[in-house]
Amino acid sequence: MKYTFESNTLEIIWNGLNETPKRTNQFVTEKLYLKFLERGWVLEYEIEDIFYHLDRGVYSIFLERKSMDEIYKGFEIDFETIYDKPKATDSSVMGYNSISIKNFVFLLIQLEKIGFSTNPIFLVEKLLPALKQKKYLSKSELEIFWYNKTRLKNETIFLSIENYHGFFLNPKKLKTELGFKINVEFDEENKPVYFEIVAPKFRKKTFTYPTTCEECDYTWQKGDPSSSASHRRVHKRAMNWLNPQPLERIKELDKINKDYILVTADSPKWQHFEMYERAYAFKKEFRYDFVQYQSREGHNDENIHGYLFINENDSIIGACCFRKNELEWGLDWIWICPIQRRKNHLANKWKMFKELYGNFYVEPPVSDEMKSFIKKHDSLLL
Ligand SMILES: [Zn+2]
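My aim in this report is to walk through the structure given alongside it, one point at a time.

**A look at the pattern of salt bridges**
Line of reasoning, step 1. For the structure on display, the rule yields 24 salt bridges.
Line of reasoning, step 2. Note that R39 is salt-bridged to E46, the shortest N-O span being 2.8 Å.
Line of reasoning, step 3. Judged by its relative accessible area of 32%, R39 falls in the partly exposed class.
Line of reasoning, step 4. On the basis of relative accessible area, E46 is assigned to the buried category, the value being 1%.
Line of reasoning, step 5. Between E277 and R296 there is a salt bridge, with the nearest N and O atoms lying 3.9 Å from each other. Separated by 19 residues along the polypeptide, E277 in helix α11 (residues 269-286) and R296 in the loop between α11 and β12 (304-310) bring together distant segments of the chain.

Below you can see the structure in the form of structure tokens.
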């Protein structure tokens, strides 16, 4: 964020930032804040009052009318005239220059961002509940809404004179009470012309770019922590079916010479879970819209027979699912992990499937590879 101010205003800000901070008189400020909250408006002279109690540095700026007006303008703080509610007999009313309570909190937040001790937390907490109910937020409401999350982490702020070209030297550094780091440059008359104000907890956002994982095929924003975290979750899940590992549960099963587990309505939940994950892998690989398995929890449909394909290491290397449609059985889907394809895992079971399910149909669409597989293995059985 960049603000352009006159040299005189920058000098007043510099002097203000160098004032020794005094303890805020919390009792007085909170009493005034409650009055502002009740009224919804803060009168111009009250702003001066509050700064007298909050931060001596800001208070000194307020004594320079022209500089303060420049700051209001820079921060886009709009004043409005508010009036005493007239009584029936009144023919004239008193008007006061004032800003809304939300604009006032916005001012406190902006001043804090440039290094002053204008802690707005008390007011932010009071205003937040109502803001959370709103569908749309104004500029000042948005700052209040985000305040707790963004406090002391805001983007670097630059203040400079209008025609600053970056050739001034004589730099000075200042660290404020809250930890803002301020670098200032001065001209030959020793007047500040440029400020760089870095918030104490500001972290430069790293550049993010879309990356697709070669293993799990997931596309995420590299450099964005939350996006990377979703990739790790997706990746871990996909590795379960792409790079299957031996499972203790399978080792424990009594499966003499069997390279599969039949999963029916009565099977344990974990077997349904593994079926679901392969149905999900099938959907993902062939970009179908639905997962062709009821749920991870299982089902109570007698007309569904799932098969988990097991290898000699007790790992689940794939699965297929048969479904009885009225009278006929059909092969609903089959998915084998890529590194285990063309290793006869289906071929080894084809004869058994034919014996159990008769001349079952294969749910379309059927790939050319599958078509020639069926042709070859059916003819072998004749
Ligand atoms: Zn991945």
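**Focus: the sheet that holds strand β4 (residues 95-100)**
Line of reasoning, step 1. Strands sit in the order β2-β4-β3 across an open sheet of three strands; the sheet is antiparallel. Only two strands of the sheet have a single neighbouring strand rather than two, namely β2 (41-43) and β3 (80-83). Neighbour-to-neighbour, the strand axes of the sheet open up by a mean angle of 55 degrees, direction not taken into account.
Line of reasoning, step 2. Here four bridges tie β3 to β4, and the two strands are oriented antiparallel to one another. Its bridge partner being in β4, Y83 is matched across the sheet by G95.
Line of reasoning, step 3. In the packing of helix α3 (residues 44-54) onto the sheet, contacts are made with β2 and β4, and the angle to β2 comes to roughly 80 degrees.

**What to know about the coordination of the zinc ion**
Line of reasoning, step 1. Those protein atoms acting as donors to the zinc ion are C213 (SG), C216 (SG), H231 (NE2) and H235 (ND1), and they sit at 2.0 to 2.3 Å.
Line of reasoning, step 2. One can describe the site at the zinc ion as tetrahedral: its four donor atoms subtend angles covering 105 to 115 degrees at the metal.
Line of reasoning, step 3. Considered as a linear motif, the donors of the zinc ion on their single chain read C-x2-C-x14-H-x3-H. Of this pair, C213 sits in the loop between β9 (209-212) and β10 (219-222) while H235 sits in helix α9 (residues 225-242); the two residues are 22 residues apart in sequence, bridging distant segments of the chain. Neither C213 nor H235 differs from the other in exposure class; each is buried.

**Quick notes on the environment of E11**
Line of reasoning, step 1. Locating E11 in the fold gives a position in helix α1 (residues 7-18).
Line of reasoning, step 2. Relative accessible area serves as the criterion here: at 25%, E11 is assigned to the partly exposed category.
Line of reasoning, step 3. For the pair E11 and S67, spaced 56 residues apart in sequence, the C-alpha to C-alpha distance is 9.8 Å.
Line of reasoning, step 4. Ignoring any residue separated from it by four or fewer positions in sequence, one finds E11 in contact with K191 and P192.
Line of reasoning, step 5. Within polar-contact distance, the side chain of E11 engages the side chain of K191 at 3.2 Å.

**Observations concerning α3**
Line of reasoning, step 1. Among all positions in α3, only E44, E46, I47, I50, F51, H53 and L54 are buried. All buried residues of α3 project into a common sector of 170 degrees when viewed along the axis, lining one side.
Line of reasoning, step 2. Check the buried side of α3 and you find it contacts α2 (26-39), β2, α4 (56-62), α5 (65-74), β4 and α6 (101-113).

**As for the sheet that holds strand β7 (residues 181-186)**
Line of reasoning, step 1. Across the sheet, which stays open at both edges, the five strands sit in the order β1-β5-β8-β7-β6 with mixed pairing between neighbours. Among the strands making up the open sheet, the edge pair consists of β1 (2-4) and β6 (172-175). Each strand of the sheet is rotated relative to its neighbour by a mean of 15 degrees, with strand direction disregarded.
Line of reasoning, step 2. Where strand β5 (residues 157-160) and strand β8 (residues 192-198) come together, four bridges link them in antiparallel fashion. Bridged to S160 within β8 is Y194.
Line of reasoning, step 3. The strands touched by α1 within the sheet are β5, β6, β7 and β8, with β8 carrying the most contacts at an inclination of about 50 degrees.

Rules and cut-offs
- Residues numbered from 1 in each chain as written.
- Predicted model: local features only at pLDDT ≥ 70, side-chain atom pairs only at ≥ 80, totals over all residues.
- Heavy atoms only, no water.
- Salt bridge = Lys/Arg side-chain N within 4 Å of Asp/Glu carboxyl O.
- Buried < 20%, exposed > 50% of the residue type's maximum accessible area, 1.4 Å probe, protein only.
- Helix = DSSP H or I, 4+ residues; strand = E, 2+ residues; numbered from the N terminus.
- Pairing = 2+ DSSP bridges.
- Axes fitted to C-alpha atoms, helices over the stretch in contact; angles between N-to-C directions.
- Contact = heavy atoms within 4.5 Å.
- Donors = N, O, S within 2.8 Å, 3.2 Å for Na, K, Ca; no water.
- Tetrahedral: all angles 85-135°; square planar, octahedral: opposite > 155°, others 65-115°.
- Polar contact = N/O pair within 3.5 Å; in protein donor to acceptor, adjacent residues only side chain to side chain.
- Arc of directions from axis to C-beta.

No statement about biological role is implied by the geometric values presented.
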